[in-house]
There are 2 protein chains.
Amino acid sequence: MASEGLDKSEETDHMIEKDAAKDRGSGLGDTKEIRAVFLSGFGGLNKLRVARKAMPEPLEGELKIRVKACGLNFIDLMVRQGNIDNPPKTPLVPGFECSGIVEGLGDGAKGFEIGDRVMAFVNYSAWGEVVCTPVEFVYPMPDDMGFAEAAAFPMNFVTAYMMLFEVANLRQGMSVLVHSAGGGVGQAVAQLCSTIPDVTVFGTASSFKHEAIKDTITHFIDRNADYVQDVKRISPEGVDIVLDCLCGENTGKGLGLLKPLGTYILYGSSNMVTGETKSFFSFAKSWWQVEKVNPIKLYEENKVIAGFSLLNLLFKQNRGDKVKAVMDKLISLFNQKKIKPLVDSLWALEEVKEAMQRIHDRGNIGKLILDVEKTPTPLMASDSTETSEAGEEEEDHEGDNGNKERMPFIQ
Amino acid sequence: MASEGLDKSEETDHMIEKDAAKDRGSGLGDTKEIRAVFLSGFGGLNKLRVARKAMPEPLEGELKIRVKACGLNFIDLMVRQGNIDNPPKTPLVPGFECSGIVEGLGDGAKGFEIGDRVMAFVNYSAWGEVVCTPVEFVYPMPDDMGFAEAAAFPMNFVTAYMMLFEVANLRQGMSVLVHSAGGGVGQAVAQLCSTIPDVTVFGTASSFKHEAIKDTITHFIDRNADYVQDVKRISPEGVDIVLDCLCGENTGKGLGLLKPLGTYILYGSSNMVTGETKSFFSFAKSWWQVEKVNPIKLYEENKVIAGFSLLNLLFKQNRGDKVKAVMDKLISLFNQKKIKPLVDSLWALEEVKEAMQRIHDRGNIGKLILDVEKTPTPLMASDSTETSEAGEEEEDHEGDNGNKERMPFIQ
């Protein structure tokens, strides 16, 4: 990874906010420093702020990218809470994916030129004006793809593709249950399912999203309903593939919904993020509370259970080559107009708290994007989305609470 | 299933043996009765004997088959011990597959004619001179296939094919670890792997088998060695697919050997059959003793665990249509001479005890076949394979004991 000094981490909040304000709207203001979102420690939204850091420079085999847009994923909320295995040290700059323009090449970095439009995975630090990342995690952007779309593409579509076609074996006539069908991964799954004939997609989603995503989902399951009963009412023998980002008690439910030879894939654990702060549900706790699976039961029932973590695959297990091969296929599908990232909304770096609150409340339909060049929307005195309170350490509401209706929606 | 009276179950051993002897060598001796292998109760080899039973007649949708040869599988030893979930009532006729000639059609049974050479799955009762089974479990024999080969084909090749291509997703360049590589499933796995370019097969097998199966196995692992260490010495990052019929402590070992995105499949539990009788290791015990798997660990490591039971798929889960599609592909591969069942030895029905002892001791290379028309080999006074002692209820040796060298090998 690039060496990135976190110069401002010791400063007071007041000074940091002032520094950030100075550069606002000018990505190229100070060539030695850049703006980035910082996480000062694990916890609530108040741990996030925009500050300046030293310009990163590419190490051997890395590309330096002038960032245009960054993807915001559910895993970023878990990182904020420290709710992951072996969390890194804070302060840190969050973010795992971005799009932008190649601005420099480290020694031995081949295959790209300065000025190329690219999308990339980054092992943290994506949420800044400039990032450096190994060339193996960088992919050329199709001509018809915008920067916001490109920042919405890698994580969600690679995750969806690898689950459906590498871990499971999606084929004609099969059925798939996906939770959070209106989210980034959910929409990628639904679109990829539509590339195979006769695939039935069951999707859980809040009812206000149904109209917006109705073209990609065969059967809606309301997210507050008992989805096991709802699926069985439509398909008594269950489904072929269950994609679960809920974890906990849902593993048993998901396995129970599988047809023989069916595959259950756990790819996230958004149920772990129930409150706003770390204390509510820790990673270690969920490890012990999750239902264990008896292999003999799988044998008797002819079932498959799998886990999928794209970040571990990329950054711990060194499978950049496999992911690159998948990206090639996905870019081809995009060029054939068979898939297209669904962007929910664009947010300035300074609006990261509101964006996180929106994904937490599941107000989004498609992907949330941090637009590095965007100017924050001015807050009104009467605007209930002002985040100074949400940033406090109190435990907040669980699940849907109508808050989404009051969130700023910036397209 | 056909209604099959077990007329002789109340008779004394002496009478049964006499009845059986009367028909020996004459499959068509008494048209109202047939010879079959009976299991009088769960336990040791002494629970098996040949006796007569009423001629079965086909129910609606069934075919009546004059049996030529039957497959003997490891699961038959577990049935003998009652070491399966929900064991059926005894007395019963064991056996799940056979080959033969169609001799009658029940109402509505279409697609076959009297005189057709066929292979078939049967839900018990395969080890007799005539069986009836639903037409969906019957497949035409290729012209170039003999009856012994046909009886060796369905269970092993369908199991191997579905594990490699339906549960896992075997592709060019992958690696597979298979236990008992010299057994029926092991050889089917190895042959099917050779139909895909650049597949590396690691196979555990007793050293005396290595020469006989060396064409199909890339790397031999001695079955008494630490296979985890041996595999890692050759491939430090592990393998893509582990096929495990050992169960128990081996699930953790198998998962540990997987590369990221790799698949572990439990398809049997031959370690459960450690002794000769039921008491040694019960199904319920193994259920609790087997290592449970935490889905979050699968998530972190990007791994897949699956169970595969062909018998449950066919007879409990009603997936005859899927199996038929697989059999079509396998018959095509056989006709292209890409696969060919490896038959270890042929045994008369009366020799079923010796055959079971041979598979228990892992003396076989390939499949053991009961040849319905075969006359038993006369036993010599000095022949140590005489089974009256092995049939006693004492606990016998575990694992390899050299007994295999003394087993009759009849080809």
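The structure presented is a predicted model; accordingly, all values stated were derived computationally and were not measured. (Residues numbered from 1 in each chain as written. Chains lettered and ligands numbered in written order. Predicted model: local features only at pLDDT ≥ 70, side-chain atom pairs only at ≥ 80, totals over all residues. Heavy atoms only, no water.)

So, about the overall build of chain A. Within chain A, the secondary structure is distributed over 12 helices and 15 strands. Counting only residues that meet the buried cut, chain A has 62% of its 411 residues in that class. In chain A, once contacts between residues fewer than 6 apart in sequence are set aside, the share between residues at least 24 apart is 72%. (Helix = DSSP H or I, 4+ residues; strand = E, 2+ residues; numbered from the N terminus. Buried < 20%, exposed > 50% of the residue type's maximum accessible area, 1.4 Å probe, protein only. Contact = heavy atoms within 4.5 Å.)

Right, let's get into the sheet that holds strand S12 (residues 258–266) of chain B. Taken in spatial order, the 12 strands make up an open sheet running S10(A)-S9(A)-S8(A)-S11(A)-S12(A)-S13(A)-S13(B)-S12(B)-S11(B)-S8(B)-S9(B)-S10(B), and their pairing is mixed. Two strands bound the open sheet, and with one partner strand each, they are strand S10 (219–222) of chain A together with strand S10 (219–222) of chain B. On average, each strand axis in the sheet is inclined to that of its neighbour by 15°, with strand direction left out of account. Judged from the 4 bridges that link them, strand S9 (residues 200–205) of chain A and S10(A) form a sheet pairing that is parallel. Directly across from A:Phe202, in S10(A), lies its bridge partner A:His219. (Pairing = 2+ DSSP bridges. Axes fitted to C-alpha atoms, helices over the stretch in contact; angles between N-to-C directions.)

Another aspect to go through is the environment of A:Ile101. Residue and element names in this part refer to chain A. Tracing the sequence through the fold places Ile101 in strand S4 (residues 97–105). A relative accessible area of 25% places Ile101 in the partly exposed class. Considering only alpha carbons, one finds Ile101 and Ile114, 13 residues apart in sequence, at a separation of 7.5 Å. Ile101 has contacts with Lys64, Ile65, Arg66, Lys68, Gly115, Asp116, Arg117 and Phe147, leaving out every residue within four places of it along the chain.

On to the nonpolar core, then. A:Leu330 and B:Leu330 are the most contacted members of the largest nonpolar core, which totals 241 residues. If we skip the residues at most four places from it in the chain, B:Leu330 touches B:Phe153, B:Phe157, B:Val158, B:Tyr161, B:Leu192 and B:Ile339. If you look at the next biggest cluster of nonpolar residues, it comprises 6 residues, including B:Ala151, B:Ala152, B:Leu346 and B:Ile369. (Core = buried A, V, L, I, M, F, W, Y, C linked by side-chain atoms within 4.5 Å.)

The next thing to look at is the relation of the copies chain A and chain B. Least-squares fitting of chain A to chain B yields an RMSD of 0.0 Å, with the superposition described by an axial translation of 0.0 Å and a rotation of 180°. The two molecules are tied by a two-fold rotation axis, judged by turn and shift. Most of the interface of chain A is mirrored in chain B, where 100% of its interface residues again form contacts. (Least-squares fit on C-alpha atoms with pLDDT ≥ 70 in both.)

Let us now look at the pattern of salt bridges. Scanning the entire structure with this criterion turns up 38 salt bridges over all chains. Two residues, A:Glu211 and A:Lys214, come together in a salt bridge whose shortest N-O distance is 3.0 Å. With relative accessibility at 43%, the residue A:Lys214 sits in the partly exposed group. The partner of A:Glu237 in a salt bridge is B:Arg319, with the nearest N and O atoms 3.4 Å apart. Of this pair, A:Glu237 sits in the loop between helix H6 (227–234) and strand S11 (239–244) while B:Arg319 sits in the loop between helix H10 (310–315) and helix H11 (320–335), which puts the two residues in different chains. (Salt bridge = Lys/Arg side-chain N within 4 Å of Asp/Glu carboxyl O.)

What follows covers the interface of chain A and chain B. Contact residues are listed per partner, giving 47 residues for chain A and 47 residues for chain B. Where chain A abuts chain B, roughly 4,000 Å² becomes buried across the two surfaces, and 58% of that area is made up of carbon and sulfur atoms. Three residues, A:Leu261, A:Ile296 and A:Tyr299, lead the burial of chain A against chain B; their summed loss comes to 17% of the area buried on that side. Between chain A and chain B we count 4 salt bridges in total. Where A:Glu166 meets B:Arg171, a salt bridge forms, and the shortest distance between an N and an O atom there is 3.6 Å. The interface formed by chain A and chain B includes 16 residue pairs in polar contact (both at pLDDT 80 or more). For the side of chain A that touches chain B, the secondary-structure elements that each account for two or more residues are helix H4 (154–167), strand S12 (258–266), helix H8 (283–289), helix H9 (295–301), strand S13 (304–307) and helix H10 (310–316) of chain A. (Buried area = accessible area lost by both parts, 1.4 Å probe. Polar contact = N/O pair within 3.5 Å; in protein donor to acceptor, adjacent residues only side chain to side chain.)

This part covers the packing of aromatic side chains. Tallied over the full model, the rule gives 12 aromatic pairs over all chains. Judged by centre distance (5.9 Å) and plane angle (85°), the ring pair of B:Phe121 and B:Tyr139 falls under edge-to-face. Placement of the pair is B:Phe121 in strand S5 (residues 117–121) and B:Tyr139 in strand S7 (residues 138–140), with a sequence separation of 18 residues. Taken as a pair, B:Phe121 and B:Tyr139 share a single burial class, namely buried. Here a set of aromatic residues connected by ring pairs shows up, and it is made of A:Phe153, A:Phe157 and A:Phe334. A cation over an aromatic ring shows up here: A:Arg117 above the ring of A:Phe147, its NZ or CZ 5.2 Å from the ring centre. (Phe/Tyr/Trp six-rings, centres within 6.5 Å; stacked < 30°, edge-to-face > 60°. Lys NZ or Arg CZ within 6 Å of the ring centre and 35° of its normal.)

Right, let's talk about the confidence of the model for chain A for a bit. Parts of the prediction with low pLDDT should not have their coordinates interpreted in detail. Residue and element names in this part refer to chain A. On average, chain A scores 84 in pLDDT, and the residues at 70 or more come to 79%. Note that pLDDT drops below 50 for residues 1–29; the model gives that stretch 53 contacts with residues more than four away or on any other chain. Across residues 381–411, confidence stays below pLDDT 50; counting only partners more than four residues off in sequence or on other chains, it has 65 contacts. Our summary of model confidence lists the complex with pTM equal to 0.85 and ipTM equal to 0.84. (pLDDT = per-residue confidence, 0-100.)

Turning to the state of the cysteines, a few remarks are in order. Disulfide: a covalent bond connecting the sulfur atoms of a pair of cysteines. All names here are of chain B. For the structure shown, the criterion picks out 0 disulfides over all chains. Just so you know, Cys132 is unpaired, no disulfide at all, and the nearest cysteine sulfur is the one on Cys98, 10 Å from it. Overall, the relative accessible area of 0% leaves Cys132 in the buried class. The thiol of Cys193 is unpaired, and the distance to the nearest cysteine sulfur, on Cys245, comes to 14 Å. (Disulfide = S-S within 2.5 Å.)

Turning our eyes to something else, we now look at helix H12 (residues 352–360) of chain B. Residue and element names in this part refer to chain B. The element H12 is extensively covered by neighbouring structure, given that 9 of its 9 residues are classed as buried. Among all positions in H12, only Val352, Lys353, Glu354, Ala355, Met356, Gln357, Arg358, Ile359 and His360 are buried. Turning to H12, the residues buried within the fold contact strand S1 (33–39), strand S2 (48–54), strand S3 (62–72), helix H2 (74–81), strand S14 (343–347) and strand S15 (367–371). Following H12 by one or two positions, Arg362 has its phi on the positive side, about 55°.

We now examine the environment of A:Ala225. Topologically, A:Ala225 is positioned in the loop between S10 and H6. With 19 residues separating them along the chain, A:Ala225 and A:Ser206 place their C-alpha atoms 9.7 Å apart.

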